[in-house]
Protein chains: 2
Amino acid sequence: MKIGVFGTGVVGQVIAEKLESLGHDVMLGTRDVQQSMAREAKDKSGRPALKDWMAAHPKVKLGTFTEAAAHGQMIVNATSGFGALEALKLAGEQNLGNKPMLDISNPLDFSKGFPPSLSVCNTDSLGEQLQRAFPQLRVVKGLNTLTCFLMVAPRMLPGTHHLFLCGNDADAKAEVRNLLGSFGWADAEMIDLGDITNARGTEQLLPIWVRLYDKFQNPMFNFSIVRAEQ
Amino acid sequence: MKIGVFGTGVVGQVIAEKLESLGHDVMLGTRDVQQSMAREAKDKSGRPALKDWMAAHPKVKLGTFTEAAAHGQMIVNATSGFGALEALKLAGEQNLGNKPMLDISNPLDFSKGFPPSLSVCNTDSLGEQLQRAFPQLRVVKGLNTLTCFLMVAPRMLPGTHHLFLCGNDADAKAEVRNLLGSFGWADAEMIDLGDITNARGTEQLLPIWVRLYDKFQNPMFNFSIVRAEQ
């Protein structure tokens, strides 16, 4: 499938690499291709500069948000929370159309340091904001509650653990579910919470996620929902 | 130990029953004893009227918030989030003193129906509000992320699952941890997140908790944090 991945940071790279390995035709989207490719430094998580990453992944394309949106039959939004709405605006409504979009972004506000607060929460969510701004786009919030390294390799953790999906369009959720199944997620591990307003619930997992990350000094953990025997 | 339990609803009853069974000297605290004992109807969760519950638990005492606070060497706050600060004010600073208080309450706002939003979150929390209002009281936020039936019987779920503790006083957290150990919680299942500001993280688990409860139509589940092998 042709997939446009918004965001060239670690999340975008890890998702793109996995998609490429599965045979998909992937284009990363960024605001300014020349500027992104001109960066020399490793990013703050120690990842190589984008140009080095691109050189190591020659099948992955790089384009503007507009080009990546036009390229994709499906969109994955792997921008920061602050960048998400702007990225979609640059992509353009005509290129986004009614495509399914997996929205991984979280409205984390680091302006007052660590741990971050949320720039929107409780009675609204970033997932809803994106859906409202682009009513035709079929937003599926998901994968936003765990590190990208586990998003694409869930079996690195022992046993059963969970991700949460929500969105207004059942077909879009089914497409996302299929894709994530190909990443290694068992069907029962993908909990469908209902419509996009449920992004309030999953985005508000981040405040404890960042605290657990700080405590463990390691992002390799995930939430599991343990239930009584049915 | 003498323990004062604020709140006569299902959470207070279930906690009090467990404490009584462990040999503790428990007093439930309420705003108006006569009014609480006069209620005839079952509550919305189908629990018997308080007077019937009291008759079935003759060792558990019932008093005002003031009396229950004076009674307890430790306090358990099992009021609703809306009632918590008022209950503590009625208890009185001199009766609360510097006692350890396990705060189970959540700032759930049902005024716009289900699912509830939070009346405080993100850059503050109910746990912090209570701690600020009573600086000497040693507030430990905990048990607020699962149903009361599992709070006192964690082994009803299979395998490992977790609760989260936070608070400013290490000794108070140790006392709470000991008590919860006697409920059946393994030490490694009680994750200490640090100071009381981390209540922002645990109270913000409620938005997804209520959605999962609605989805499952069953409160018998809990969060487990699955980590990569260390």
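Shown above is the structure to which this text applies.
First, a word on scope: everything that follows refers to the structure included in this document.

Each value, and the rule that gives it
Residues numbered from 1 in each chain as written. Chains lettered and ligands numbered in written order. Predicted model: local features only at pLDDT ≥ 70, side-chain atom pairs only at ≥ 80, totals over all residues. Helix = DSSP H or I, 4+ residues; strand = E, 2+ residues; numbered from the N terminus. Contact = placed C-beta atoms within 7 Å. Least-squares fit on C-alpha atoms with pLDDT ≥ 70 in both. Pairing = 2+ DSSP bridges. Axes fitted to C-alpha atoms, helices over the stretch in contact; angles between N-to-C directions. Parallel < 35°, antiparallel > 145°, perpendicular 65-115°, else oblique. Nonpolar A, V, L, I, M, F, W, Y, C, P; charged D, E, K, R; others polar.

**With respect to the environment of B:Glu20**
All names here are of chain B.
- Residue position: Glu20 is located in helix H1 (residues 10-21).
- Through-space distance from the C-alpha of Glu20 to that of Ser182 is 12 Å; in sequence the pair is 162 residues apart.
- For Glu20, the residues in contact, after removing those within four places along its chain, are Val26, His57, Lys59 and Val60.

**A short note on the relation of the copies chain B and chain A**
- Overlaying chain B with chain A gives an RMSD of 0.0 Å, the required rotation being 180° about an axis along which the chain moves by 0.0 Å. The relationship between the two copies is best expressed as a two-fold rotation axis. Nearest to the rotation axis, the C-alpha of B:Ser224 is located 2.4 Å from it, this being the minimum over chain B.

**A look at the sheet that holds strand E9 (residues 163-167) of chain B**
All names here are of chain B.
- Taken together, the 8 strands give an open sheet; going across it, the order is E3-E2-E1-E4-E5-E8-E9-E10, and neighbouring strands pair in mixed fashion. Across the chains shown, the open sheet's two edge strands, defined by having one partner strand only, are strand E3 (61-64) and strand E10 (190-194). Sheet twist, expressed as the mean angle between neighbouring strand axes with direction ignored, is 25°.
- Alignment of E9 against E10, held across 4 bridges, turns out to be parallel. Looking at E10, one finds that Phe164 is bridged to Ile191.
- With respect to the sheet, helix H9 (residues 170-183) is in contact with strand E4 (74-77), strand E5 (100-103), strand E8 (138-141), E9 and E10, its orientation differing from that of E9 by roughly 155°.

**Looking at the packing of helix H5 (residues 81-91) of chain B against helix H7 (residues 126-133) of chain B**
All names here are of chain B.
- Viewed as axis vectors pointing N to C, H5 and H7 meet at an angle of 10°, and their least axial separation amounts to 10 Å. Considered as vectors, H5 and H7 are oriented roughly parallel to each other. Facing Gly81, Ala84, Leu85 and Leu88 of H5, the residues of H7 in contact are Leu126, Gln129, Leu130 and Ala133.
- Across the contact of H5 with H7, the residue classes break down as 6 nonpolar, 2 polar and no charged.

Just geometry here; none of it tells us what the structure is for.
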